[in-house]
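Here's the letter readout for the chains.
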Amino acid sequence: MPLHAVRADNSRMDETERQGRIDLAAMFRIAARFNWHEGIANHFSLAVTEDGRRFLMNPQGRHFSRIRASELLLLDAADNDDVIGRGAGKADPTAWHIHGRIHAARPEARCVLHTHMFYATTLACLAGYRLKMIDQNAMRFHDRIAYDEDFNGMALDAAEGRRIGTTIEPGKSVLFMANHGVAVIGRSVAEAFDETYYLERACKLQVLALSTGQPLNVVSDEVAEMTRRQWTEFPLDAALDHFNAMKEILDEEEPDYRD
Ligand SMILES: [Zn+2]
């Protein structure tokens with residue numbers, strides 16, 4: 001499938017888009033630091049209109065560690081033949097389909113982070129595996145993970161994107177994609193980042209626990225659900241604090257992500 005060139009869009013950039021560009025660019029830099037990226041592949045997106053129709057996404061061919069706010073493409077989910085938007089470079093039509101459909105299916109899911117990060121993807125490659133409730137980080141995701149078992153090769157069209165979009169039902173924020181990777185959605189970049197971080201931590205611990213060959217000490221559903229509630233009802237905005245702490249490091253060491 002050919003890549004689409006982006007035609008300049010002269011509409012005024014509003015504050016949502018301006019701030020969104022900075023946050024999403026920061027997210028790419030953070031992902032590179034945590035080694036969640038895969039070469040120049042994988043895509044993150046952020047809706048900038050209420051209906052989720054317009055969203056920001058990374059241009060083809062840019063390494064996550066170098067992405068700048070101004071380069072992010074502004075795309076329209078309903079119009080993926082004739083590209084509109086602003087940014088630098090070209091759009092990967094496959095990612096456009098998938099992210100566009102997810103934003104359309106779940107407009108409250110402002111930010112979509114798709115990665116092949118090692119530990120979560122390892123578990124997504126185990127037959128019928130469900131995240132086991134064996135530590136606090138895993139319990140954060142109790143009953144909040146959707147599982148897509150149908151790997152049919154690379155997702156190349158809108159129908160596949162729509163299918164993935166509707167598999168993440170309301171209440172779920174993570175999609176395990178069998179034989180492929182994971183997608184995490186959030187109401188903000190900060191929230192999606194924090195979820196992705198704790199998901200990979202939980203999965204890493206789980207892979208290590210499985211590697212011992214010892215029986216897993218799985219807690220009851222009640223305990224797992226109570227712990228999940230404790231996570232989500234935590235009074236401080238820990239996700240935002242976490243994201244801002246990461247941005248503080250970027251501001252000191254690689255502030256050009258804001259350009
Ligand atoms: Zn993928």
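Calculation criteria
- Residues numbered from 1 in each chain as written.
- Predicted model: local features only at pLDDT ≥ 70, side-chain atom pairs only at ≥ 80, totals over all residues.
- Heavy atoms only, no water.
- Helix = DSSP H or I, 4+ residues; strand = E, 2+ residues; numbered from the N terminus.
- Rg over C-alpha atoms; globule rule 2.2 N^0.38 Å.
- Contact = heavy atoms within 4.5 Å.
- Expected span 1.5 Å × (residues − 1).
- Buried < 20%, exposed > 50% of the residue type's maximum accessible area, 1.4 Å probe, protein only.
- Arc of directions from axis to C-beta.
- Donors = N, O, S within 2.8 Å, 3.2 Å for Na, K, Ca; no water.
- Salt bridge = Lys/Arg side-chain N within 4 Å of Asp/Glu carboxyl O.

Novice: Explain the overall build of the protein to me, using residue names and the numbers behind them.
Specialist: Helix and strand counts for the protein come out as eight helices and nine strands. Its C-alpha atoms give the protein a radius of gyration of 18 Å, within 12% of the compact-globule value 18 Å for 259 residues. In terms of overall dimensions, the protein has C-alpha extents of about 60 × 40 × 30 Å along its principal axes. For the protein, long-range pairs separated by at least 24 residues make up 70% of all intrachain contacts whose partners lie at least 6 apart in sequence.

Novice: Go over helix H7 (residues 221–232) with me, naming the residues and quoting the values.
Specialist: In this model, H7 (12 residues) spans 16 Å end to end at C-alpha, consistent with the 16 Å of a helix rising 1.5 Å per residue. All buried positions along H7 are accounted for by Ala-224, Thr-227 and Arg-228. In a view along the axis of H7, the buried residues occupy a sector of 105°, so they form one face of it. Along its buried surface, H7 packs onto helix H4 (136–139).

Novice: Tell me about the coordination of the zinc ion, and please be specific about residues and values.
Specialist: At the metal site, the zinc ion is ligated by His-114 (NE2), His-116 (NE2) and His-180 (NE2), and these contacts range over 2.0 to 2.1 Å. All donor residues of the zinc ion come from one chain, and their arrangement in sequence is H-x1-H-x63-H. On the criterion of sequence distance, the pair formed by His-114 in strand E6 (residues 111–115) and His-180 in the loop between strand E8 (174–177) and strand E9 (181–186) is long-range, its members being 66 residues apart.

Novice: Describe in detail the pattern of salt bridges, supporting the description with residues and values.
Specialist: Evaluation of the coordinates by the stated rule reveals 20 salt bridges. Here Asp-256 makes a salt bridge to Arg-29, at a shortest N to O gap of 3.1 Å. Here Asp-256, found in the segment after helix H8 (238–253), pairs with Arg-29, found in helix H1 (residues 15–33); they are 227 residues apart in sequence, far enough to count as distant. What makes Arg-29 buried here is its relative accessible area of 2%. Between Arg-33 and Glu-253 there is a salt bridge; the shortest N-O distance is 2.9 Å. Within this pair, whereas Arg-33 is found in helix H1, its partner Glu-253 is found in helix H8, the two being separated by 220 residues in sequence. Using a relative accessible area of 37% as the deciding quantity, one classes Arg-33 as partly exposed. In the salt-bridge network here, residues are joined through shared partners; they are Arg-29, Arg-33, Arg-68, Glu-253, Glu-254, Asp-256 and Asp-259.

Novice: Account for unusual backbone geometry, with residues named and values stated.
Specialist: Positive phi values are uncommon outside glycine, yet Asn-35 reaches one of about 65°. Structurally, Asn-35 is set in the loop between H1 and strand E2 (44–47). For Asn-179, which is not a glycine, the phi torsion comes out positive at approximately 60°. Inspection of the secondary structure assignment puts Asn-179 in the loop between E8 and E9.

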